[in-house]
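Coordinate inspection notes
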Amino acid sequence: MKFARFLKSVVAEMKVVTWPTAKENRRDTSTVLGTSIIMAIFLGAVDWIVQWALTFLA
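Residues numbered from 1 in each chain as written. Predicted model: local features only at pLDDT ≥ 70, side-chain atom pairs only at ≥ 80, totals over all residues. Heavy atoms only, no water.

Some words on the packing of aromatic side chains
Keep this limit in mind: Pairing of aromatic rings covers Phe, Tyr and the six-membered ring of Trp, with a centre-to-centre limit of 6.5 Å; geometry is then stacked below 30 degrees between planes, edge-to-face above 60, and tilted otherwise. Strands are runs of DSSP state E lasting at least 2 residues, helices are runs of H or I lasting at least 4, and numbering of each runs from the N terminus. Three exposure classes are used, based on accessible area relative to the maximum for each residue type with a 1.4 Å probe and protein chains only: buried under 20%, partly exposed in between, and exposed over 50%.
Throughout the structure, instances matching the rule amount to two aromatic pairs. Ring geometry for Phe3 against Phe6: centres 6.2 Å apart, planes inclined by 35 degrees, an arrangement best described as tilted. You can see Phe3 and its partner Phe6 sitting in helix α1 (residues 2–16), three residues apart, about one turn around the helix. The class of Phe3 is exposed, set by a relative accessible area of 57%.

Focus on the environment of Ile38
Mapping Ile38 onto the fold places it in helix α2 (residues 22–57). The exposure class assigned to Ile38 is exposed, which follows from its relative accessible area of 58%. Ile38 sits 36 residues away from Lys2 along the chain, and the two C-alpha atoms are 47 Å apart.

Put into C-alpha cells, the structure is as follows:
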C-alpha cells in the first residue's frame, strides 16, 4: 500500500515539473561541454608546467 501511494505522489509531482525546452537543453549542454573542455586545457597546462618545473629543478 505504501508503494502505491508513493507512485501516486510521484505521478502527481511529475505533472507539476517544468521541463526545459530543446533550446534550453542544447544551451545547457553546450555550456557544460565548453566548461569541461576549457578546464581540461587549463589543468593540462598546469600539469605540464609543474612537470617541467620539477624536471628543471631535479
